[in-house]
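Each chain is listed here by its residues.
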Amino acid sequence: MTGLACVFAGLVRIRVTATAPGKPVFVAVAPASAARSYLSGVAYTSVTSLGNRATTIAHTGAVRPRPPATAAIWAAQAAGAGTRALVWTVRDGDWMAIAMNPDGSAGVSVRADVGAQFPALAALALELLVTGVLLAVPAMALIVVPANNRPPARHCSLLRVRELVDARQGNQPRSSDVRAVVGRTETGRSAAARNGTYLIGVDAGCQQWSKGSPMRYMLNGFLLVIPLLLFDAAFASRLPAAYQAAQWNDVPALVALPEGVLRVGTMLLTLLLPISAAGPAQRFGAVLYAAGLVAYVTAWTMQIRWPGSAWSTGTAGFLAPAVTPALWLTGIGLIGMRPLLPHARYLPWVFLGTAAAFLAFHTLHAVLVFRRM
Amino acid sequence: MLAGSILALASLGLLAAAATVLWADHSQRQNGYLTSAATTYSASGYALASETVALHG
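S.K.: Would you take a moment to explain the overall build of chain B for this structure?
M.R.: For chain B, the count of helices and strands is one helix and five strands. N-terminal to C-terminal, the α/β element order of chain B is α-β-β-β-β-β. The buried share among the 57 residues of chain B stands at 25%.

Set out below in structure tokens:
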């Protein structure tokens, strides 16, 4: 542990239980030099790493130590039968923790864990969060602003025309569609029909379209996520035990970490997807989104109302709350297919790709929890 | 655009770290302590000792 960790850890707790029931145990922390001289010439074992792959070093000796409580070297100690917890305020220095039998006899076998309070963790999370959000503002500005500086006028106007064509559910643009776009701008210069496609040289129209009113940016895919976030927040605590933190969060970081990152990424990308009902893809997306809401709420309802039923404990029923977001996330992706920015036509695919990767990890997470049941 | 993307990545990283820390803070505590897995340690001799833990601020 470094000095920073020393400040950061707060109180440290070492919990020890003798593996033989009812047998008392002594646990203490002492300055390392004092502990070493107490143990000099004594046969004992050093634990060089914690956890399930703990490694140990055996020290040989012929001296029988005094009962540990009689040595006045301990900074903190606890002794007795059952589980004993030593709580120690971290201080600078070299330290050593020791577990023994209170009478100083040979043969020590204990179950132990080490914990620290880390009291500043919530503050650290808040600082990371605030820095992340503060950094997101210039990031978004740098990504968005250059796009507005060079409006691809023709492409942009064509998109506008396509919206009008879609709006009347037609296949080909009519000259009235083009006039509607050109007519909206004061500097519309020319419109020409080639191969059934209307090419329009309209700069001002594009500016107007790409910047749009602030409402254009307010009406984004995140609005569609909010009801689901509220639903989660309201009902998550009523889900069966397998979905609760103690069991649900017990998966390898290799799964939990990418899942968390991709979840945040998916949520942030919805901010760049406009809500639009212009084309057939958008209308299909709206249907998928609605169907997804019903499926998701149903999946949760089954788990909350009938947790012990064959459906809820079966593979499909258990995985349903993790898998059904595929429907409404795809729906949001399709609804947001219209680019918020003229050059960002790829964005829906970036979103759908991120969402698919998130769901893959999310489902893997659910499978891991399910297999433990 | 490139600078924006790099900043966005950094921002995402920080947000992910914040989420992880919040998760640990809210769900991994036992009576207020972030705790290692309990493990069984045995010694045929008279004591089990940790390594020297050096704390220097």
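Next comes the rest of the write-up.
S.K.: Help me out: how do you make sense of the overall build of chain A in this one?
M.R.: The helix and strand tally for chain A stands at 15 helices and 10 strands. Taking contacts inside chain A between residues at least 6 apart in sequence as the whole, the part at least 24 apart equals 73%.

S.K.: Please explain the interface of chain B and chain A as it appears in this structure.
M.R.: If you look at the interface, chain B gives 49 residues, while chain A gives 68 residues. The element best represented in the side of chain B that touches chain A is helix 1 (residues 2–27) of chain B, accounting for 21 residues. For the side of chain B that touches chain A, the class distribution of residues is 29 nonpolar, 18 polar and two charged. Pairing analysis gives three bridges linking strand 7 (residues 93–100) of chain A to strand 4 (residues 47–50) of chain B, with the strands arranged antiparallel. By the bridge assignment, Ala-99 of chain A is partnered in strand 4 of chain B with Leu-48 of chain B.

S.K.: Help me understand helix 10 (residues 253–270) of chain A in this model?
M.R.: In this model, helix 10 of chain A (18 residues) spans 25 Å end to end at C-alpha, consistent with the 26 Å of a helix rising 1.5 Å per residue. Within helix 10 of chain A, burial applies to Glu-259, Gly-260, Val-261, Leu-262, Val-264, Gly-265, Thr-266, Leu-269 and Thr-270 of chain A.

S.K.: Quick question: what am I supposed to make of the nonpolar core here?
M.R.: A general feature of soluble globular proteins is that nonpolar side chains tend to end up buried together. In this structure, Val-27, Ile-98 and Ala-99 of chain A together with Ala-47 of chain B are the most contacted members of the largest nonpolar core, which totals 38 residues. Looking at this core, the elements with two or more residues in it are strand 1 (11–18), strand 2 (25–31), strand 6 (83–89), strand 7 and strand 8 (108–116) of chain A together with strand 4 of chain B. Residues contacting Ala-47 of chain B, with those up to four places away along its chain left out, are Leu-39, Val-42, Tyr-44, Pro-65, Ile-98, Ala-99, Met-100 and Val-108 of chain A. Among the nonpolar cores identified, the runner-up in size contains 32 residues, and Leu-288, Leu-334, Ile-335 and Leu-359 of chain A belong to it.

S.K.: When you look at the pairing of strand 2 of chain A in this model, what are you seeing that I'm missing?
M.R.: Residues in a regular strand project their side chains so that they alternate between the two faces of the sheet. Residues and elements named next belong to chain A. Counted residue by residue, strand 2 has six buried out of seven residues, so it is predominantly covered. In this sheet, strand 7 lies alongside strand 2 in antiparallel orientation, the contact comprising six bridges. Across the sheet, Phe-26 pairs through a bridge with Met-100, a residue of strand 7.

S.K.: Just to check I follow, could you spell out the packing of helix 10 of chain A against helix 1 of chain B for this structure?
M.R.: If you want to describe how two helices pack, look at the angle between their axes and the distance between the axes. For the pair helix 10 of chain A and helix 1 of chain B, interaxial distance at closest approach is 9 Å and the crossing angle is 125 degrees. If you check the angle between helix 10 of chain A and helix 1 of chain B, you find them oblique. Handedness of the helix 10 of chain A/helix 1 of chain B crossing: right-handed. Contacts between helix 10 of chain A and helix 1 of chain B involve Leu-257, Gly-260, Val-261, Val-264 and Gly-265 of chain A on the former and, on the latter, Leu-12, Leu-15, Ala-16, Ala-19 and Thr-20 of chain B.

S.K.: Mind showing me how you'd approach the environment of Ile-226 of chain A here?
M.R.: Residues and elements named next belong to chain A. With respect to the secondary-structure elements, Ile-226 resides in helix 8 (residues 222–235). Residue class for Ile-226 comes out exposed when judged on the 10 C-beta atoms lying within 10 Å of it. The spatial distance from the C-alpha of Ile-226 to the C-alpha of Met-267 is 9.8 Å, given a sequence separation of 41 residues.

S.K.: Would you take a moment to explain helix 14 (residues 325–335) of chain A for this structure?
M.R.: A turn of α-helix holds 3.6 residues, and therefore any two residues three or four places apart point the same way. Counting buried residues along helix 14 of chain A, nine of its 11 residues qualify, which places the element largely inside the surrounding structure. Looking only at helix 14 of chain A, the buried set comprises Pro-325, Trp-328, Leu-329, Thr-330, Gly-331, Ile-332, Gly-333, Leu-334 and Ile-335 of chain A.

S.K.: Looking at this structure, how should I read the packing of helix 11 (residues 280–305) of chain A against helix 14 of chain A?
M.R.: Residues and elements named next belong to chain A. Taken N-terminus to C-terminus, the directions of helix 11 and helix 14 make an angle of 155 degrees; their axes are 7 Å apart at the nearest point. When the interaxial angle is binned, helix 11 and helix 14 end up roughly antiparallel. Read as a crossing pair, helix 11 and helix 14 show a hand that is left-handed. Listed contacts from helix 14 to Ala-281, Gln-282, Phe-284, Gly-285, Ala-286, Leu-288, Tyr-289, Ala-291, Gly-292, Leu-293, Ala-295 and Tyr-296 of helix 11 are Pro-325, Leu-327, Trp-328, Thr-330, Gly-331, Ile-332, Leu-334 and Ile-335.

S.K.: Before we go on, may I ask you to explain the pairing of strand 4 of chain B in this structure?
M.R.: Here strand 4 of chain B shows a buried face lined by Ala-47 and Ala-49 of chain B and a second buried face lined by Leu-48 and Ser-50 of chain B. When strand 3 (residues 44–47) of chain A meets strand 4 of chain B, the two strands line up parallel, connected through three bridges. Bridge pairing in strand 4 of chain B links Thr-45 of chain A to Leu-48 of chain B.

S.K.: Any chance you could explain unusual backbone geometry here in plain terms?
M.R.: What you tend to see is this: most non-glycine residues have negative phi, and most peptide bonds are trans. Positive phi values are uncommon outside glycine, yet Asn-31 of chain B reaches one of about 50 degrees. Within the secondary structure, Asn-31 of chain B sits in the loop between strand 1 (29–30) and strand 2 (33–35).

Scoring rules and cut-offs
- Residues numbered from 1 in each chain as written.
- Chains lettered and ligands numbered in written order.
- Predicted model: local features only at pLDDT ≥ 70, side-chain atom pairs only at ≥ 80, totals over all residues.
- Helix = DSSP H or I, 4+ residues; strand = E, 2+ residues; numbered from the N terminus.
- Buried ≥ 20, exposed ≤ 12 C-beta atoms within 10 Å, placed from the backbone.
- Contact = placed C-beta atoms within 7 Å.
- Nonpolar A, V, L, I, M, F, W, Y, C, P; charged D, E, K, R; others polar.
- Pairing = 2+ DSSP bridges.
- Expected span 1.5 Å × (residues − 1).
- Core = buried A, V, L, I, M, F, W, Y, C linked by C-beta atoms within 7 Å.
- Axes fitted to C-alpha atoms, helices over the stretch in contact; angles between N-to-C directions.
- Parallel < 35°, antiparallel > 145°, perpendicular 65-115°, else oblique.
- Left-handed = near helix turned anticlockwise from the far one by under 90°.

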